[in-house]
Amino acid sequence: MDFKNEKLLRQSATMGSGRARKPNPHFAMVAQTALAVAVIWVFCVLLVHVSHSRRFYADAPLATPLRQYYSNGYLIVSSNGGLNQMRSGICDMVAIARYMNATLVVPQLDNTSLWQDPSKFEDIFDVDHFINSLRDEIEIVKEIPPEMQQIQIQLEMEKHLSMPPRSWSDISYYTDQIAPERLKKNKILHFEKTDNRLANNGPIEMQKLRCKANYNALKFTSPIEKIGSKVVKILRDKGEFLVLHLRYEMDMLAYTGCNEGCSVEEANDLQALRYSVPWWKKKNINSTSTRLQGLCPMTPEETALTLKALGVDRETQIYIAAGNIYGGEKRLASLRAAYPNLVKKEKLLPPYELLPFKNYSSQMAAIDYMVSLESDIFFPTYGGNMATLVEGHRRYLGFKKTIQPNQKALVNLIDKYRKDLNWREFEAGVKKAHANRYGNPVRRRVMPEKPKEEDYFWSNPQECLIL
Ligand SMILES: *[C@@H]1O[C@H](CO)[C@@H](O)[C@H](O)[C@H]1NC(C)=O
Ligand SMILES: *[C@@H]1O[C@H](CO)[C@@H](O)[C@H](O)[C@H]1NC(C)=O
Ligand SMILES: *[C@@H]1O[C@H](CO)[C@@H](O)[C@H](O)[C@H]1NC(C)=O
Ligand SMILES: *[C@@H]1O[C@H](CO)[C@@H](O)[C@H](O)[C@H]1NC(C)=O
């Protein structure tokens with residue numbers, strides 16, 4: 001049977017008069033007048049669809065069987081944040097849509113965040129692969145069908161279309177509350193946010209679906225994959241390499257309020273940026289005490305000392321996965337002195353190769369994500385979204401080594417070393433503080449009622465790992 005026809009039948013049964021009917025693959029063989037009418041109706045719908053030249057699924061191979069279900073309606077989602085925050089949010093939305101029996105519309109990416117990247121989903125991820133590899137779980141469409149668009153506009157006007165789902169919600173919030181009250185009723189719903197909208201813990205099948213979405217369905221576009229592989233090959237040809245996610249960038253310093261080692265002028269600039277971003281709630285921050293609590297991105301100087309104490313050889317290639325380091329080359333001097341083989345993609349590739357990606361911070365971040373996955377060691381200097389996602393992904397790929405810096409212990413040791421601790425004592429202290437922090441198999445720490453303090457699902461998707 002023609003796939004598109006089957007699909008339309010299913011959709012008309014679901015979205016039509018409200019009475020859901022299970023689609024029957026032998027439908028056309030039953031010669032009944034009522035059904036004939038239905039066939040004509042479906043044919044008309046098909047014509048409408050064809051005239052809008054809408055394609056449900058493109059040419060990618062359809063390996064997995066299609067899940068048959070009654071769709072409660074369309075779910076539109078607007079991802080928020082940078083690439084990695086959106087990435088985990090999208091995977092959570094796949095699970096949420098699946099359990100709500102929704103038809104998911106390919107997620108919209110954030111184009112208003114600090115990064116101002118206008119990239120669409122299909123500019124970063126292989127959209128057909130995404131749709132096809134989840135067929136057995138959920139129906140995903142590229143856009144709302146034309147006959148729904150009027151309803152969408154109407155609902156938007158009545159303020160019944162959009163809502164931000166609650167943070168850290170159990171799946172039951174979506175299936176028991178949102179599905180009947182919003183989705184089934186209106187047949188279309190828009191989630192305005194995707195960050196941390198789903199609890200870390202949940203039914204094992206749901207957790208597995210989150211993994212499938214992240215590690216299987218989300219694949220970068222082939223231009224990104226090509227350039228990422230090229231960077232990996234250049235590094236690999238020279239031997240082992242460590243990826244340093246040096247999150248010493250202006251936005252993160254401004255957001256966290258950390259200015260250790262910055263000039264007065266730089267500290268003022270960082271503060272000015274913080275006050276200018278309305279959705280960063282915390283404004284008055286004491287950098288010293290924040291750092292002592294282990295909540296600051298590590299500085300390049302602190303990073304160099306830590307790598308050295310952990311025994312990373314001076315000749316090791318270190319690839320910096322980051323945008324612009326605050327303070328530029330000058331601020332990197334001590335790290336470069338300790339590790340002369342310090343590189344970035346801008347250094348490994350001729351400028352013209354990066355040109356198509358340069359104006360798109362999320363595409364640049366995607367290249368770094370790929371290199372981070374492939375590295376022999378991954379070392380994030382701050383526990384943000386990229387650190388979390390890459391750490392979890394590397395566990396999934398067979399517990400590849402990820403150093404999880406114990407920042408509170410580190411700043412303490414570093415301050416002591418700068419005063420009176422000798423190198424041997426410092427080194428022993430750093431090693432001891434990291435004895436069990438290499439991304440090895442461990443149980444995720446669960447803290448009911450305190451989702452922000454427990455281990456994130458995305459840093460340790462243990463339900464999907466063989467422990
Ligand atoms: C989704 O569909 C399944 C059957 O396929 C049903 O058991 C479940 O209750 C439905 N969930 C919702 C929220 O409609
Ligand atoms: C951002 O994305 C939305 C939704 O896809 C779109 O309507 C809007 O025009 C985009 N804005 C910019 C500045 O690209
Ligand atoms: C900031 O915190 C440090 C360490 O807790 C403290 O010594 C200092 O007085 C604080 N500074 C201000 C301006 O409150
Ligand atoms: C990147 O953006 C700059 C500034 O907006 C623009 O001048 C340049 O043409 C863009 N480059 C590419 C390759 O799109």
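It should be emphasised that the depicted structure is a prediction, and the values quoted were computed from it without experimental measurement.

Parameters at a glance
Here the residue numbering is sequential within each chain, running from 1 through the sequence in written order. Each chain is given a letter, starting from A, and each ligand a number, starting from 1, according to the order in which they appear as written. The model is predicted, so local features are restricted to residues of pLDDT at least 70 and side-chain atom pairs to those at 80 or more, both for listing and for counting; the totals for chains, interfaces and linings are taken over all residues. Counting from the N terminus, the helices are the DSSP runs of H or I reaching at least four residues and the strands are the DSSP runs of E reaching at least two. Between the buried cut of 20 or more and the exposed cut of 12 or fewer other C-beta atoms within 10 Å of a residue's own C-beta lies the partly exposed class, and all C-beta atoms are placed from the backbone. Note on contacts: residues are paired as contacts if their backbone-placed C-beta atoms lie within 7 Å. In short, DSSP must find at least two bridges between two strands for them to pair. Lines fitted to C-alpha atoms define the axes here, with helix axes fitted over just the stretch in contact, and angles between the N-to-C directions of these axes take values from 0 to 180 degrees. By definition in this entry, angles of less than 35 degrees are roughly parallel, angles greater than 145 are roughly antiparallel, angles of 65 to 115 are roughly perpendicular, and the rest are oblique. When the near helix sits turned anticlockwise from the far one by under a right angle, the crossing is termed left-handed; a clockwise turn instead gives a right-handed crossing. All residues other than Ala, Val, Leu, Ile, Met, Phe, Trp, Tyr, Cys, Pro, Asp, Glu, Lys and Arg, Gly among them, are scored as polar; the first ten of these are nonpolar and the last four charged. We define a nonpolar core as a collection of buried residues of the types Ala, Val, Leu, Ile, Met, Phe, Trp, Tyr and Cys that are connected via C-beta atoms lying within 7 Å of each other. Segmentation into domains, and thus their bounds, comes from an automatic or database assignment. Between the first and last residue of a helix there are one fewer steps than residues, each counted as 1.5 Å, and that sum is the expected span. pLDDT: the predictor's confidence for each residue, scored from 0 to 100.

(A) Representation of the overall build of the protein within the structure. Within the protein, the secondary structure is distributed over 20 helices and nine strands. Within the protein, the fraction of its 467 residues that count as buried is 38%. Considering only contacts within the protein whose residues lie at least 6 apart along the sequence, 82% involve residues at least 24 apart.

(B) A look at the pairing of strand 5 (residues 188-191). Burial of strand 5 is two-sided: the residues I188 and H190 facing one way and the residues L189 and F191 facing the other way are all buried. Relative to strand 5, strand 1 (residues 74-77) runs parallel, the two being bridged by four bridges. Bridging across to strand 5, I76 finds its partner in H190. Across two bridges, the pairing between strand 4 (residues 162-163) and strand 5 is parallel. When the bridges of strand 5 are listed, S162 appears paired with H190.

(C) How the structure looks around the environment of Y69. In this fold, Y69 is placed in the loop between helix 2 (33-51) and strand 1. A count of 17 C-beta atoms within 10 Å places Y69 in the partly exposed class. Once the C-alpha coordinates of Y69 and T103 are considered, the two residues, 34 residues apart in sequence, prove to be 9.7 Å apart.

(D) Structural context of the sheet that holds strand 6 (residues 241-245). Pairing in this open sheet of four strands is parallel, and the strands run 8-7-6-9 from one edge to the other. Across the chains shown, the open sheet's two edge strands, defined by having one partner strand only, are strand 8 (342-343) and strand 9 (377-380).

(E) Fine view of the sheet that holds strand 1. One open sheet accounts for five strands, arranged 3-2-1-5-4; its pairing is parallel. Lying at the two open borders of the sheet, with one neighbouring strand each, are strand 3 (140-141) and strand 4. Together, strand 1, strand 2 (103-105) and strand 5 form the strand contacts of helix 3 (residues 83-99), whose direction differs from that of strand 2 by roughly 150 degrees.

(F) Examining the packing of helix 9 (residues 222-237) against helix 17 (residues 361-374) more closely. The geometry of helix 9 relative to helix 17 is characterised by a closest axis approach of 9 Å and an angle of 45 degrees between their N-to-C directions. Here helix 9 lies oblique to helix 17, going by the angle between them. In the crossing of helix 9 with helix 17, the sense of the turn from one axis to the other is right-handed. Each of I224, I227, G228, V231 and V232 in helix 9 lies in contact with helix 17, whose residues at this interface are Q363, A366, I367, M370, V371 and E374. Across the contact of helix 9 with helix 17, the residue classes tally to eight nonpolar, two polar and one charged.

(G) Fine view of unusual backbone geometry. The backbone phi angle of N101 is positive, close to 55 degrees, even though this residue is not glycine. Within the element layout of this structure, N101 appears in the loop between helix 3 and strand 2. When the 20 C-beta atoms within 10 Å are taken as the criterion, N101 is described as buried. Even without a glycine there, the phi angle at N196 is positive, about 50 degrees. Considering the arrangement of structural elements, one finds N196 in the loop between strand 5 and helix 8 (204-217).

(H) Representation of the nonpolar core. Counting residues in hydrophobic clusters, the biggest one holds 93 residues, and the most contacted among them are L75, V94, A97, M100, L104, L244 and Y319. For this core, the element with the highest residue contribution is helix 3, accounting for ten residues. Built from parts of two domains, this core gets at least three residues from each of domain 2 (74-217) and domain 3 (222-464). Setting aside its immediate chain neighbours within four residues, Y319 contacts L235, F241, V243, L244, V343, V371 and S375.

(I) Region of interest: helix 17. The end-to-end C-alpha distance of helix 17 is 20 Å, a good match for the 20 Å that 14 residues give at a rise of 1.5 Å each. Those residues of helix 17 that sit buried are S362, Q363, M364, A365, A366, I367, D368, Y369, V371, S372 and E374.

(J) Representation of the confidence of the model for the protein. A residue-level look at the protein finds 87% of positions with pLDDT of 70 or above and a mean pLDDT of 89. Predicted confidence is poor over residues 1-31, with pLDDT under 50, and the contacts of this stretch with residues over four places away or in other chains come to 27 contacts. Taken together, the stretch residues 42-59 has pLDDT below 50 and engages in 19 contacts with residues farther than four places along the chain or on a different chain.

(K) Expanded view of the environment of Y339. Tracing the sequence through the fold places Y339 in the loop between helix 14 (328-338) and strand 8. The exposure class of Y339 is buried, given the 23 C-beta atoms found within 10 Å. Y339 sits 32 residues away from L307 along the chain, and the two C-alpha atoms are 9.4 Å apart. Residues within four places of Y339 in sequence aside, it is in contact with A304, L307, R314, T316 and I318.

(L) Local environment of the environment of A428. Along the polypeptide, A428 turns up in helix 20 (residues 423-433). For A428 and A309, which are 119 residues apart along the polypeptide, the C-alpha to C-alpha distance reads 7.7 Å.

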